[in-house]
Number of protein chains: 2
Amino acid sequence: MSDPIRSENLLYLTDEQLRQGIEAMYFAYRGFTADPDRILESMAYGRAHHRAIHFIHRAPGTTVTNLLDILGVTKQSLNRVLRTLIEDGLVESRVGTSDRRERNLFLTEDGTALERRLSDSQRARMRTAFREAGPEDVAGFRRVLEAMMEGEMKRQYLSLRESGK
Amino acid sequence: MSDPIRSENLLYLTDEQLRQGIEAMYFAYRGFTADPDRILESMAYGRAHHRAIHFIHRAPGTTVTNLLDILGVTKQSLNRVLRTLIEDGLVESRVGTSDRRERNLFLTEDGTALERRLSDSQRARMRTAFREAGPEDVAGFRRVLEAMMEGEMKRQYLSLRESGK
DNA sequence: TTGGAGTGTCAACAAAGCTGACGTATTGTG
DNA sequence: CACAATACGTCAGCTTTGTTGACACTCCAA
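About the cut-offs
Residues numbered from 1 in each chain as written. Chains lettered and ligands numbered in written order. Predicted model: local features only at pLDDT ≥ 70, side-chain atom pairs only at ≥ 80, totals over all residues. Heavy atoms only, no water. Near = heavy atom within 4 Å. Polar contact = N/O pair within 3.5 Å; in protein donor to acceptor, adjacent residues only side chain to side chain. Helix = DSSP H or I, 4+ residues; strand = E, 2+ residues; numbered from the N terminus. Nonpolar A, V, L, I, M, F, W, Y, C, P; charged D, E, K, R; others polar. Least-squares fit on C-alpha atoms with pLDDT ≥ 70 in both. Contact = heavy atoms within 4.5 Å. Buried < 20%, exposed > 50% of the residue type's maximum accessible area, 1.4 Å probe, protein only. Salt bridge = Lys/Arg side-chain N within 4 Å of Asp/Glu carboxyl O. Phe/Tyr/Trp six-rings, centres within 6.5 Å; stacked < 30°, edge-to-face > 60°.

K.L.:
I would appreciate a short explanation of the protein's contact with DNA strand D in the present structure.
P.N.:
Surveying the vicinity of DNA strand D reveals 24 residues, the closest of which are Gly 46, Thr 74 and Arg 80 of chain A together with Thr 65 and Lys 75 of chain B. Arg 51 of chain A is positioned such that a nitrogen or oxygen atom in its side chain is 2.6 Å from a phosphate oxygen of DNA strand D. Here Arg 103 of chain B contributes a backbone N or O atom positioned 3.3 Å from a phosphate oxygen of DNA strand D. Those elements that place two or more of their residues in the surface near DNA strand D are helix H3 (47-58) and helix H5 (75-87) of chain A together with helix H4 (64-71) and helix H5 (75-87) of chain B. Each residue belonging to the surface near DNA strand D can be placed in one class, and the counts come to four nonpolar, nine polar and eleven charged.

K.L.:
Explain the relation of the copies chain B and chain A to me, please; I cannot follow it from the model alone.
P.N.:
A rotation about some axis, followed by a shift along it, carries one copy of the chain onto the other. Relative to chain A, chain B is turned by 180° and slid 0.0 Å along the rotation axis, the superposed coordinates differing by an RMSD of 0.1 Å. Taken together, these values place the two copies in the relation of a two-fold axis. In terms of C-alpha distance to the rotation axis, chain B has Phe 141 of chain B as its closest residue, with the C-alpha 1.8 Å off the axis. Both copies contact each other with a shared surface, as 100% of the interface residues of chain B are interface residues in chain A too.

K.L.:
Just checking my understanding: could you explain the side chain of Gln 122 of chain A for this structure?
P.N.:
Within the secondary structure, Gln 122 of chain A is located in helix H6 (residues 109-133). Residue Gln 122 of chain A is classed as buried on the basis of its relative accessible area of 6%. Not counting the four nearest positions on each side in its chain, Gln 122 of chain A is found in contact with Phe 32, Pro 36 and His 50 of chain A together with Ile 22 of chain B.

K.L.:
When you look at the pattern of salt bridges in this model, what are you seeing that I'm missing?
P.N.:
A side chain of one charge can pair with a side chain of the opposite charge if their charged atoms are brought near each other. Under the counting rule described, the total for this entry stands at 33 salt bridges over all chains. Here Asp 35 of chain A and Arg 38 of chain A are joined by a salt bridge, their closest N and O atoms 2.8 Å apart. Pair noted here: Asp 35 of chain A and Arg 38 of chain A are both in helix H2 (residues 15-42), with a separation of three residues, about one helical turn. Classification of Asp 35 of chain A as buried rests on a relative accessible area of 17%. For Arg 58 of chain A, the salt bridge is made with Glu 16 of chain B, and the minimal N-O distance between the two is 3.6 Å. With Arg 58 of chain A in helix H3 and Glu 16 of chain B in helix H2 (residues 15-42), the pair connects residues from two separate chains. Glu 16 of chain B matches Arg 58 of chain A in its accessibility class, with the two residues each being buried. Residues joined by salt bridges that share partners form a network here, namely Asp 15 of chain A together with Asp 120, Arg 123 and Arg 127 of chain B.

K.L.:
What is the right way to look at the packing of aromatic side chains in this model?
P.N.:
Given two aromatic rings, their pairing is described by the distance between the two centres and the angle made by the two planes. One pass over the structure, following the stated rule, counts 13 aromatic pairs over all chains. Summarising the aromatic geometry, the rings of Tyr 157 of chain A and Phe 27 of chain B are spaced 6.3 Å apart at their centres and angled 65° between planes, so their arrangement reads as edge-to-face. On the criterion of chain membership, the pair formed by Tyr 157 of chain A in helix H8 (residues 151-163) and Phe 27 of chain B in helix H2 is interchain, its members lying in two chains. For Tyr 157 of chain A, a relative accessible area of 0% gives the class buried. An aromatic cluster of three or more residues is present, and its members are Tyr 26 and Phe 27 of chain A together with Phe 55 and Tyr 157 of chain B.

Structure follows, in structure tokens:
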């Protein structure tokens with residue numbers, strides 16, 4: 001308070017600003033998941049299925065263990081989801097070529113179609129939000145989110161980011 | 001592609017950019033909830049308890065119905081959480097003064113202490129992220145998140161925002 | 001050939017959502 | 001005043017998605 005320049009610089013770090021940031025994350029995340037949730041609830045699927053489909057699409061041929069690392073759930077939890085997706089013909093599990101213990105996961109044609117339907121709805125909302133805000137704000141959005149990730153997750157995010165062209 | 005100026009302006013709206021935004025939201029949200037989750041798991045509580053505590057702290061004296069609207073869950077779901085919090089002496093439920101059918105919810109001293117512990121950890125992460133990014137980025141972060149909310153949730157977010165000084 | 005890693009399955013359970021139905025106290029209205 | 005509506009709590013039962021523990025199979029590598 002004794003230094004007006006310094007305190008003005010830090011006004012965006014007041015507890016009230018931080019709390020608004022927290023609430024913004026909470027309400028925005030609900031919006032973020034709302035569209036895919038509506039599609040999924042009409043089928044027998046939930047968010048867990050969506051996450052699996054998303055990352056298999058993103059990294060085709062990924063192994064079960066790798067998916068476990070990305071999703072941060074237990075093998076049993078993922079396996080239950082994966083089993084229904086395989087039974088329903090959305091995901092294909094191929095025995096690994098170099099290491100035959102591993103299973104490489106791929107989306108089938110139907111799986112790809114569902115992935116597109118889900119991500120279209122989510123991208124549409126993201127696109128609207130991005131367009132409404134503008135490129136500068138989007139850059140800030142990205143930088144703040146990246147700074148909010150935990151170390152290991154950030155590593156995974158960045159490595160996915162690099163692999164995506 | 002025929003108009004380089006127009007296409008450069010819209011480069012931040014490519015599908016790859018949008019997908020990275022989606023993944024950033026996913027991984028950042030996990031970081032966002034990680035600290036309170038660690039505190040809560042040591043007790044018998046979960047995220048649902050955290051949300052109730054947060055919004056009771058934010059709007060002391062709020063009614064059950066109002067909390068239901070904010071959290072978007074069913075009465076039974078909220079009631080289960082609320083009951084344990086009241087039993088454990090973290091939340092107090094007072095009969096309404098003007099309308100005795102209503103229950104006004106308040107945090108007790110213990111409840112306030114837990115709220116502080118939880119929000120301190122979450123604010124610390126938010127503060128670090130905000131500081132790392134800077135005020136411009138934080139403004140962008142906020143604008144994009146607000147544009148991502150659904151109508152009703154955005155209304156609630158803004159009304160909470162106004163009530164907070 | 002044997003130990004360990006990767007994978008999958010079974011059983012049992014918990015947290016936290018949901019629906020539907022019902023009871024009670026209170027309030028507002030005809 | 002009588003009755004409908006509201007706010008709240010609760011019972012029963014179901015779903016999804018997470019958990020732990022135990023165990024079997026395949027296969028690679030030392």
